[in-house]
Amino acid sequence: MLLLPILLIPCWYAMVNRVEHQVKNWNSNEFHSMLMSEIENKAKFLSPINSSATNLARILGSSLNGTALSFSEIETKVAPVLFQELSTIPYLSQISYFGLDGLFFSYYTDGNQTLAMYTNSSFFSAPNGRENYIWLMQDVDIETGKLYGKAIESRPWTMANASWFQEALNNKHGSASLETGWNNAQDLLFLNSARLNRGVLSLGFPVKTLTTIFTGVDYHGGSLYLATQDGKMLVEGLPKTHTLLASNVSCTMKDGTSRASTLTIQETEYTFYCLPLDIVGVQSVYVLAVPQNRLVSLVHKNKKVALLLLLVVIATMIGSFLGFVFIIVRAARGEMHLCAALIKQMEATQQAERKSMNKSLAFASASHDVRASLAGLTGLIEICYVEVIPGSELATNLRQMDTCAKDLLDLLNSILDTSKIEVGKMLLEEDEFDLAQLLEDVVDLYHPVGMRKGVDVVLDPYDGSILKFSQVKGDRGKLKQILCNLLSNAVKFTSEGYVTVRAWVRKTSLQNTMIASKRNCLPCLFYKNSQAYNDFETMDAALKDPNVMDFVFEVDDTGKGIPKEKQKSVFENYVQVKETAIGQGGTGLGLGIVQSLVRLMHGDIGIVDKEIGEEGTCFRFDVLLTICEIVSCNNVEAEQLEMGVGTHLLGLSSQTPSPEMTIRTPSPGLCARTASSKSTIHSPSPKQKASHVVLLIQDNERRRMSRRFMENLGIKVSVVKQWQHLSSTLETITHKQNHSHHNSLVKSYFYSPSEYLSRSATSNSITVEKDVPLSTMDGSDYILSVFRRTTPRCASSFILVVIDACAGPFPELCRSVTEFRRGLNNTCCRVVWLEKPMMRIINCKGIAETMMEPNDIIISKPFHGSRLYEVVRLLPEFGGTLLGNMGKMKESLSQVGKMPRDPSSSQGPVELPDHGSSSEIPRKKILSPIENLSHFKPKSRSPLNHGHLPQEQESKELFLSGKKVLVADDQALLRKVTVSRLLRLGATVELSENGQEALELVCKGLSDQSKCGTSKILPYDYILMDCEMPILDGYKAAEQIRKIEKHYGVHIPIIALTGHTGGEETKKIIEAGMDVHLSKPLESEHLLEAIRYIDNKWSCV
Amino acid sequence: MELGQMQGRLAEYTRSLYMEGILDAQFLQLQQLQDESNPDFVVEVVSLFFEDSEKLLNDIARALDQQSVDFKRVDAHVHQLKGSSASVGAQRVKDACVAFRNCCEEQNVEGCLRCLQQVKQEHYLVKNKLETLFRLEQQIVAAGGSVPMAEMTF
């Protein structure tokens, strides 16, 4: 960049110098000589004029004789020639003849006029001599040269003495001089004169005219001076300089060559060239003043300016270039800094990530250890708890310890979950479960917690879609964890109002397209990570499965709410909303885990905006779950299951289904709406009157929910908001009923067995067509599809009164109900009492027995979910039977509620079963009586009794009551221990010391049984078989027993006891035909588990 | 000795047995099985165990004394011993049996003999300890007190 100006400037400078040099040379040598030669030329051009006077004089002289001329002669002979000459000779402005005697004639031009000046008298002829000598002036005719007009006298010029006159006379070649002209302007004239006889002929050329020839030349800035030799200035080149010239410039003519001299005038240096010049014979000098170095100086000056400009340009260029470079450098440096910072930051981030990862891992492993010890602790506490006297202080302390330890375990588990999710190890454990049941369980679990704070926890059936698709496949535990977490948060942060849990199903199609479009837009951006892509693939595959549905859950509370700006961060780990979390504790991990879990299930969680003025938060999340294929046989099984329950509880030995037992199980999704069922829904038989439900529920939200649900089902609902209005509402209804009832017919209430069968058959056939598109169903249809509507045989209406026992003073409520009952003459009426689990108002025995009808139902659990459905099913339209007069009818109805009494529960009238506890039972099996017993009895999974250890213990103790167990063991010690264990569990025990003995005992038992004809009853319910025994070991004994029992067609469960653990031993045992393998030493827990397992296994076959 | 003091000592002693690993939860369960209908259950079981185990130990010793050791038999005996000791809750005997069985598998006579010594020692120890325990209990009963249920406080 710099190289270019460095090269260019010298180059340019050299060129300019050369130009300057040439100009100088040319200036000094050529220029002035050229000018001078031009002047010479001009002078040469004038030189013929020099001799014109002489020539004329010769011509005239020849025509005249040599004597003095008289005036007349002059006038006639000379004057015409003179005139002729004046007209012809160029530049000539004055021509005259002077005689020595004073005669004189002259023509001259004055402007455009031609005049003549003459004198007709000689010096001598005039009387007074020279005094009378006068000149006359007269106009001349331009054409002829004749004088005309009046002659004007003018003063004569004395010229006899004039030098030029004398010279002309004396000089043969005439003379030239500078004289003043005749005319008025008295212009200077070059006089060229020659001798003519005794006179002189002179021709006058005006100086001005001649000098214009010289001055007309362009001198290129120079100027020309002309002067006669005697110092008369003719042309002044530069104004007012002639004096300077006169003093400073001297022209020497000697050598005839010019010599230059320089002079500075007005700050300009001039070179003066002085040369002689002959103009019309007048010897004169011209001075040529050429401004010295004018061009050169111009070039010089321009060169400097140009150089300066060039330098400036270059300087600017360089400056701007440097500036540019500087800026670039600075920017680059900034960028470098940024880059360095970025790299540093990235390194730091990576390091932090690594650290965090390591920490997480270490944390996870440590947590595992901690959990192990914690589990040990809880185990020990449990053991201790058995030891202590119930009710003692120690027991209380132990229970508290247990609670603390469990809390700690929960906390630890949540942390572990987080680290698991972080590491990406969290996997879904898919299995089938009942979603509706799960929801109810969770809500029931938190209901007491909420009630303690005065917050109602309500399960809203919403559109009933969950009921329809309740049998789903998914990760039950994680879904429960999510729900529990959200619910516990909701309950924790709500101090008044309610918490509602809603759930519904929607099709995945919408989301599917959404994701598909997402995928099209950003294929490479998002899925660079192949693992993520794979995840996506699996998710995509999941979405394509038509059985996959999107389940949406909402947990809505009326608590403090979460500020909008905090809503996003709530789902981050370790973040708690400060304002609301004060005093509530927690790690802030919960929602983070929840979010991770929801995402794991291909869903998302968010906070739904509430309407302005509404308080609280509404969490909504959705997960994808597969709907299980429900074959119709399931339906049958399910119904049979219900029936089995009923049969057993009624104490009937036969297992044949009795037609009266028509409780509808909540068999969601089993039947879809068909045209016929729809018609029964929308056009009920005109004879039939809709059932009437009176609702008195204290809590607003629950009341609203119950009412909406029932109204969706087409049930007439009257809502009583305050207990004071109850009696008046009931009275109105009574009045109406009694009025209308007179016209209605009373029909038989019975279903015949065949009717039942056909009904169940149709319902089964309905279940086959379950592909009803979802979109055509509205909310009520969902519910209706779940609740089969049957046309009751009874046209009389049914009134169901649902009363919240806490709504008002209980005796008052009872009284109004009793009055109401009395008022009804032919209408069936049932009362459902809702009781708060915490406060058992109805439990006061006296009141309960005297004031309540035996058919009244008490529900002590929150009134939603299965309890709500059961109550709805009491209505005749939904399969409930009417409260009839027949005893059998009564019995069948009461079975709705008559379940084995929970020892801790009320002694009052019948209670509805707690369906929450049935959730753990796999669906596809028919329960054996024993299973039912063991299942219903402990009720340990109900929220209230959760962790209530003595009760569990109690149930364990009675576990084997009525069972006959054969123990085969050769060691007296082990026999003794086992026997006392079994006795403790309530079993009857027989002993044998080896396999042979055991075999014999079994054979005997079997043959005895067959003799009695009760072959199906087992001689022993279980056999506990030691494997290593003398004489006949356990394996062989078991094989033998299996062979023998085949003849009788029975299967006696055999539990093997060995000192070994491990798969090989188990295999051997199974091969021998034994059912379960237990390792020594025998633990009660293991035994219980084994027996449960056997029951399940064989009851299914 | 004061009754309360004795009871305290018993509790202390029982705890030490658990702490030292001589007994485990199985023994506790045995104690739970004892009730009014079966007041000497634990003592009976334990004495059965000692009878059994002494016989077994003798058998084992004899089997190991032979020129060609029948390791299978030894193993069966040890297995039995292990089973009964586990049932009583004599944890350290059980552990020693486990080691013993490993030696049997390797057919290492030297190791077996060493293990036998170990088992015998443990057996002797637990016998002593339990005898002391029962004596203490008897003293308490004799003094008119009731034997408190062992509280696991470790």
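Please refer to the structure placed before this passage.
Just so we're clear, the structure is a prediction, and the values are computed from it rather than from any experiment. (Residues numbered from 1 in each chain as written. Chains lettered and ligands numbered in written order. Predicted model: local features only at pLDDT ≥ 70, side-chain atom pairs only at ≥ 80, totals over all residues. Heavy atoms only, no water.)

1. A word on the sheet that holds strand β24 (residues 828-834) of chain A
Residue and element names in this part refer to chain A.
And step 1. On the basis of which strands lie adjacent, the open sheet formed by 5 strands has the order β22-β21-β23-β24-β25 and parallel pairing. Because the sheet does not close on itself, it has two edges, and the strands there are β22 (716-720) and β25 (857-859). When the angles between neighbouring strand axes are averaged without regard to direction, this sheet yields 20°.
And step 2. Relative to β24, strand β23 (residues 798-804) is paired through 7 bridges, and the arrangement is parallel. Its bridge partner being in β24, Phe798 is matched across the sheet by Cys828.
And step 3. Here helix α23 (residues 810-823) sits on the sheet in contact with β21 (692-696), β23 and β24, set at roughly 170° to β24. (Pairing = 2+ DSSP bridges. Helix = DSSP H or I, 4+ residues; strand = E, 2+ residues; numbered from the N terminus. Axes fitted to C-alpha atoms, helices over the stretch in contact; angles between N-to-C directions. Contact = heavy atoms within 4.5 Å.)

2. Things to note about the packing of aromatic side chains
And step 1. One pass over the full model with this rule turns up 7 aromatic pairs over all chains.
And step 2. With a centroid separation of 5.6 Å and an interplanar angle of 45°, the aromatic rings of A:Phe709 and A:Tyr869 are classed as tilted. On the criterion of sequence distance, the pair formed by A:Phe709 in helix α19 (residues 700-712) and A:Tyr869 in helix α25 (residues 866-873) is long-range, its members being 160 residues apart.
And step 3. Exposure remark for A:Phe709: the relative accessible area of 1% places this residue in the buried category.
And step 4. For the pair B:Phe49 and B:Phe50, a centre-to-centre distance of 5.2 Å together with 50° between the ring planes defines the contact as tilted.
And step 5. Note on B:Phe49: relative accessible area 0%, which makes it buried.
And step 6. Lying over the aromatic face of B:Phe50, B:Lys127 brings its terminal NZ or CZ to 5.9 Å of the ring centre. (Phe/Tyr/Trp six-rings, centres within 6.5 Å; stacked < 30°, edge-to-face > 60°. Buried < 20%, exposed > 50% of the residue type's maximum accessible area, 1.4 Å probe, protein only. Lys NZ or Arg CZ within 6 Å of the ring centre and 35° of its normal.)

3. Examining the sheet that holds strand β26 (residues 964-968) of chain A
Residue and element names in this part refer to chain A.
And step 1. Strand order in the open sheet formed by 5 strands is β27-β26-β28-β29-β30, with parallel pairing between adjacent strands. Across the chains shown, the open sheet's two edge strands, defined by having one partner strand only, are β27 (988-992) and β30 (1076-1079). Going from strand to strand, the sheet's axes swing by 20° on average, the running direction of each strand aside.
And step 2. In this sheet, strand β28 (residues 1022-1026) lies alongside β26 in parallel orientation, the contact comprising 4 bridges. Across the sheet, residue Val965 finds its bridge partner in β28, namely Tyr1022.
And step 3. Strands β26, β27 and β28 of the sheet are contacted by helix α29 (residues 972-984), whose axis makes an angle of about 165° with β27.
And step 4. Contacts from helix α31 (residues 1034-1048) reach β28 and β29 (1054-1058), with the element oriented near 150° to β28.

4. Considering the pattern of salt bridges
Residues and elements named next belong to chain A.
And step 1. Under the counting rule described, the total for this entry stands at 26 salt bridges over all chains.
And step 2. Among the ionic pairs, Arg502 bridges to Glu554, the shortest N-O distance being 3.2 Å. One end of the pair, Arg502, is in strand β17 (residues 497-506); the other, Glu554, is in strand β18 (residues 548-557), with 52 residues separating them in the sequence. Like Arg502, the residue Glu554 is buried in the burial classification.
And step 3. Among the ionic pairs, Arg1042 bridges to Asp1075, the shortest N-O distance being 3.0 Å. In this pair, Arg1042 is assigned in helix α31 and Asp1075 in the loop between α32 (1063-1071) and β30, connecting sequence segments 33 residues apart. Each member of the pair, Arg1042 as well as Asp1075, is classed as buried.
And step 4. Three or more residues are tied together by salt bridges with common partners; here these are Asp460, Arg502, Glu554, Asp556, Arg620 and Arg708. (Salt bridge = Lys/Arg side-chain N within 4 Å of Asp/Glu carboxyl O.)

5. Some remarks on the interface of chain A and chain B
The figure often quoted for interface size is the accessible area lost as the parts come together.
And step 1. If you look at the interface, chain A gives 22 residues, while chain B gives 28 residues.
And step 2. For the chain A face of the interface with chain B, the top three residues by lost area are A:Glu387, A:Leu973 and A:Lys976, together amounting to 27%.
And step 3. Put simply, chain A and chain B have 0 salt bridges between them.
And step 4. Joining chain A to chain B, the criterion identifies 0 residue pairs in polar contact (both at pLDDT 80 or more).
And step 5. Residue assignment for the side of chain A that touches chain B shows that the elements contributing at least two residues are α7 (294-387) and α29 of chain A.
And step 6. Per element, the largest residue contribution to the side of chain A that touches chain B is 8 residues, and it comes from α29(A). (Buried area = accessible area lost by both parts, 1.4 Å probe. Polar contact = N/O pair within 3.5 Å; in protein donor to acceptor, adjacent residues only side chain to side chain.)

6. Focus on the packing of α19(A) against α25(A)
When two helices pack together, their arrangement is given by the angle between the helix axes and by the axis-to-axis distance.
All names here are of chain A.
And step 1. Look at α19 against α25: their axes get within 12 Å of each other, and the N-to-C directions meet at 45°. One element, α19, and the other, α25, form an angle in the oblique class. Helix-helix and strand crossings are classified by hand; for α19 and α25 the assignment is right-handed. On α25, the residues touching Met705, Phe709 and Met710 of α19 are Leu868, Tyr869 and Val872.
And step 2. Residues of the contact of α19 with α25, tallied by class, amount to 6 nonpolar, no polar and no charged. (Parallel < 35°, antiparallel > 145°, perpendicular 65-115°, else oblique. Left-handed = near helix turned anticlockwise from the far one by under 90°. Nonpolar A, V, L, I, M, F, W, Y, C, P; charged D, E, K, R; others polar.)

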